[in-house]
Amino acid sequence: MPFDADLTHYGAHAPSPAQKMADHLMGPIADPDLAWAASDPARLLAYLFISPRPCPALDALISDPG
């Protein structure tokens with residue numbers, strides 16, 4: 001996947017209470033459907049801007065030449 005970085009790594013710093021809450025709220029949400037990249041790429045891009053995550057829909061969005 002293009003974005004293989006572990007987004008939950010905090011290094012030597014402990015996560016802030018806000019980051020803990022965001023992880024708690026966004027963690028259980030399922031990955032977007034792969035067909036979303038073809039059907040509504042602008043909306044998928046907006047969703048991934050708010051909730052960035054490596055997923056097949058992101059790969060499809062990035063690899064789409066059109």
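Rules and cut-offs
- Residues numbered from 1 in each chain as written.
- Predicted model: local features only at pLDDT ≥ 70, side-chain atom pairs only at ≥ 80, totals over all residues.
- Heavy atoms only, no water.
- Phe/Tyr/Trp six-rings, centres within 6.5 Å; stacked < 30°, edge-to-face > 60°.
- Helix = DSSP H or I, 4+ residues; strand = E, 2+ residues; numbered from the N terminus.
- Core = buried A, V, L, I, M, F, W, Y, C linked by side-chain atoms within 4.5 Å.
- Buried < 20%, exposed > 50% of the residue type's maximum accessible area, 1.4 Å probe, protein only.

Draft legend 1. Fine view of the packing of aromatic side chains. Taken as a whole and assessed by the stated rule, the structure comprises one aromatic pair. Consider the rings of W36 and Y47, whose centres lie 5.4 Å apart with planes at 45°: the pair is tilted. Here Y47 lies in helix α3 (residues 41-50) and W36 lies in helix α2 (residues 36-39), a separation of 11 residues in the sequence.

Draft legend 2. Quick peek at the nonpolar core. Listed in full, the eight residues of the largest apolar core are W36, A37, L44, L48, C55, A57, L58 and L61. Counting only elements with at least two residues in this core, the list comes to α2, α3 and α4 (56-63). The leading source of residues in this core is α4, at three residues.

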